[in-house]
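Structural characterization, general
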Amino acid sequence: MDITATWRVLIVSAIENYDLVKNAMNQWALEAVHCSSLQEARGLLPDSTFSLIFCEETLVDGTYREVLNISGKALKTRVVVISPMSHVEEIYLEAMDAGAFEMIASPCRVSDVQWVVIRAIQEESRHVGRRARSL
């Protein structure tokens, strides 16, 4: 069973990181949706189902914390914070404590995005396997 067949990914980011994140996920054929502001993200969340959300640390009208708060209502959503390289160490623990799945540095690297996607797929696969065994 292909667990990524129904996965949608929201990328709340500037165009540069959006293009890189989207291209890094090509091998999985995941549907990528882009928005560039908290207001746009609010329009999509929590009603839409996204398996992964890549979100810039700072948006034009808010921060990743607000996206975490909005997406927290969706059980399967994993939020990945994209932070400027100079801030990663500084806010990593804060982001993890707030409920982020992972944090990667900006500008994004294809290998970092793919590593996060693979981790999310593995986590979901384990979850699906446990659920199937309990039936």
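Below, the structure is looked at part by part.

About the criteria used
- Residues numbered from 1 in each chain as written.
- Predicted model: local features only at pLDDT ≥ 70, side-chain atom pairs only at ≥ 80, totals over all residues.
- Heavy atoms only, no water.
- Phe/Tyr/Trp six-rings, centres within 6.5 Å; stacked < 30°, edge-to-face > 60°.
- Lys NZ or Arg CZ within 6 Å of the ring centre and 35° of its normal.
- Helix = DSSP H or I, 4+ residues; strand = E, 2+ residues; numbered from the N terminus.
- Contact = heavy atoms within 4.5 Å.
- Polar contact = N/O pair within 3.5 Å; in protein donor to acceptor, adjacent residues only side chain to side chain.
- Core = buried A, V, L, I, M, F, W, Y, C linked by side-chain atoms within 4.5 Å.
- Buried < 20%, exposed > 50% of the residue type's maximum accessible area, 1.4 Å probe, protein only.
- Salt bridge = Lys/Arg side-chain N within 4 Å of Asp/Glu carboxyl O.

**Side note on the packing of aromatic side chains**
In total, this model carries 0 aromatic pairs according to the counting rule given. When the ring centre of Phe101 is taken as origin, the NZ or CZ atom of Arg78, which lies over that ring, is 5.9 Å away. Sitting over the ring of Phe101, Arg119 keeps its end group 4.6 Å from the ring centre.

**Side note on the environment of Glu57**
Position of Glu57 relative to the elements: it lies in the loop between strand E3 (52–56) and strand E4 (58–59). Once the C-alpha coordinates of Glu57 and Val88 are considered, the two residues, 31 residues apart in sequence, prove to be 9.6 Å apart. When sequence neighbours within four positions are dropped, the list of residues in contact with Glu57 reads Thr63, Tyr64, Val81, Ile82, Ser83, Pro84, His87 and Ile91. Of the polar contacts made by the side chain of Glu57, one reaches the side chain of Ser83; its length is 2.5 Å.

**Some thoughts on the nonpolar core**
In terms of nonpolar packing, the biggest core is built from 23 residues, with Leu10, Val12, Leu45, Ile53, Cys55, Tyr64 and Val67 touching the most fellow members. In terms of residue count, helix H3 (residues 64–71) provides more of this core than any other element does, 4 residues in total. Setting aside residues no more than four positions away along its own chain, Tyr64 makes contact with Cys55, Glu56, Glu57, Val81, Ile91, Glu94 and Ala95. Formed by 21 residues, the second largest nonpolar core is a distinct cluster that contains Trp28, Leu30, Ile82 and Ile104.

**Section: the pattern of salt bridges**
Scanning all chains against the criterion turns up 6 salt bridges. A salt bridge links Arg78 to Glu123; the nearest nitrogen and oxygen atoms lie 2.8 Å apart. With a gap of 45 residues between them, Arg78 in strand E6 (residues 78–84) and Glu123 in helix H5 (residues 110–134) connect regions that are remote in the sequence. Residue class for Arg78 comes out buried when judged on its relative accessible area of 8%. Taking relative accessible area as the criterion, Glu123 reaches 31% and is therefore assigned partly exposed. Of the charged contacts in the structure, one is a salt bridge between Arg119 and Glu102, with a shortest N-O distance of 2.6 Å. In this pair, Arg119 sits in helix H5 while Glu102 sits in strand E7 (residues 102–106), placing the two residues 17 residues apart along the sequence. Assessed through its relative accessible area of 8%, Glu102 is described here as buried.

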